[in-house]
Amino acid sequence: MAFKGIVGQEKAIESLKRALEHDQVAHAYLFEGAEGLGKKAIALELASALVCNSNKDRPCGKCSSCVKVSSGNHPEIKVIEGKGTIKVDEIRELIKDIQLKPYEGTRKAYIICNADKMNIQAQNALLKTLEEPPLYVTLILLTTKGNSLLPTIVSRCQTIKLNPVRLEDIKSYLINNKNIDMEKAQMLAAFSGGIVGRAIELLDNPDFHQRREGVIKLCNNLMGTKLLIILDQISFFEEQRPHTEEIFDLMISWYRDLMVYKETGSMDLVINVDKKEVIDFQVKGIDLGKVRDIIFIIEKAKNNLKSNVQFHLNIEVMLLNIQEVLSKW
Ligand SMILES: [Zn+2]
């Protein structure tokens, strides 16, 4: 049961379990990995294991300590959320707290989320404690970018890297825990880029689903319509202007799907798998060379976002170029 509910990250979890089993838990860890990979969940499991009353398979999830951790009020486990800059005062408070012996059980654990939000003074203040914390203490620092911490901080911690998760694992997680069908789960997993948190966020984000429907409609409209109608599509880009990059990515994923489906005849590797009928329809009227050209055109427009190309001009040129490709024999 230990470390349950975490998707993927077997390697990290294995090494933590081994350390727990052999009573070789480090005094300081640095969990590094993208937002949404479960850094905090794993840190809480580790902290929970350290204070768990069971003598095997910790955390047991059932003892009074474990229950307190999961309800967020175990007195020996403190979490700094790091929503804004973590200043030196906050770290000094933490150090003072660290010096106090645990009064419930024998261990204490501190989790610093967004550890890179510690300013330089705060990081320097933490250094000494990080080097020689009291034996009953484990510090767990979480970050998306270890290189924005002082090298002296990093070198005093045992670094555990979290990597993107297999899409299959995210898919099963969504099916089993979020009560959605296989096709939607496969689509969300593909868009998540291997980040569980991102898949969950997309699931609950109606704007994303609206934009995706808009893109599919746009791609449908681009098939075999006249020039004037194509230029009408610019209003969609205007409405969604802050999300232009995402729209381009959605378009690329759509045409990539047409390519994959055309080439393999199977939906297995298709991202927008819940749109089988539309894909099937569009694939009939298009050849592979054209799809490749269209992806290239969209990628160029996406790159233009970073340069000074005027917004409307960029979209217009892209739509016209796509239309030109589609109208060629
Ligand atoms: Zn327990």
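Residues numbered from 1 in each chain as written. Predicted model: local features only at pLDDT ≥ 70, side-chain atom pairs only at ≥ 80, totals over all residues. Heavy atoms only, no water.

Considering helix α16 (residues 311-327)
The α-helix winds at 3.6 residues per turn, so residues separated by three or four positions along the chain end up facing the same way. Taking 1.5 Å per residue, 17 residues should reach 24 Å; α16 reaches 24 Å between its end C-alpha atoms and fits that length. Taken as a whole, α16 has its buried residues at Phe-311, Asn-314, Ile-315, Met-318, Leu-319, Ile-322, Gln-323, Val-325 and Leu-326. Down the axis, α16 shows its buried residues gathered within 160° of arc, on one side only. (Helix = DSSP H or I, 4+ residues; strand = E, 2+ residues; numbered from the N terminus. Expected span 1.5 Å × (residues − 1). Buried < 20%, exposed > 50% of the residue type's maximum accessible area, 1.4 Å probe, protein only. Arc of directions from axis to C-beta.)

Overview of the pattern of salt bridges
Per the counting criterion, the structure on display carries 20 salt bridges. Note that Lys-161 is salt-bridged to Glu-32, the shortest N-O span being 3.0 Å. Of the two residues, Lys-161 is situated in strand β5 (residues 158-161) and Glu-32 in strand β1 (residues 28-32); the sequence distance between them amounts to 129 residues. By relative accessible area, Lys-161 is classed as exposed at 53%. Judged by its relative accessible area of 17%, Glu-32 falls in the buried class. Through salt bridges with shared partners, a single network forms among Glu-10, Arg-166 and Asp-169. (Salt bridge = Lys/Arg side-chain N within 4 Å of Asp/Glu carboxyl O.)

Considering the domain arrangement of the protein chain
Segmentation of the protein chain into domains returns domain 1 (10-161) and domain 2 (205-327). Put simply, the middle of domain 1 and the middle of domain 2, counted by C-alpha atoms, are 45 Å apart. (Domains from an automatic or database assignment.)

Quick notes on helix α1 (residues 10-21)
For α1, which comprises 12 residues, the first-to-last C-alpha distance of 16 Å matches the rise-based estimate of 16 Å (1.5 Å per residue) to within 8%. Looking at α1, one finds that the buried residues are Ala-12, Ile-13, Leu-16, Ala-19 and Leu-20. All buried residues of α1 project into a common sector of 125° when viewed along the axis, lining one side. Relative to its buried face, α1 has exposed residues pointing more than 90 degrees away, namely Lys-11 and Glu-21. Here the buried face of α1 lies against β1, α2 (39-51) and β5. Trailing α1 by a residue or two, Asp-23 shows a phi angle of about 55°, which is positive. (Contact = heavy atoms within 4.5 Å.)

As for the side chain of Arg-211
Counting through the fold element by element, Arg-211 comes out in helix α10 (residues 206-222). A polar contact of 3.3 Å, which involves the side chain of Arg-211, links it to the side chain of His-243. (Polar contact = N/O pair within 3.5 Å; in protein donor to acceptor, adjacent residues only side chain to side chain.)

Focus on the coordination of the zinc ion
At 2.3 Å from the zinc ion lie its protein donor atoms, namely Cys-52 (SG), Cys-60 (SG), Cys-63 (SG) and Cys-66 (SG). Sequence spacing of the donors to the zinc ion: C-x7-C-x2-C-x2-C. A single burial state applies to Cys-63 and to Cys-66, both of which are buried. (Donors = N, O, S within 2.8 Å, 3.2 Å for Na, K, Ca; no water.)

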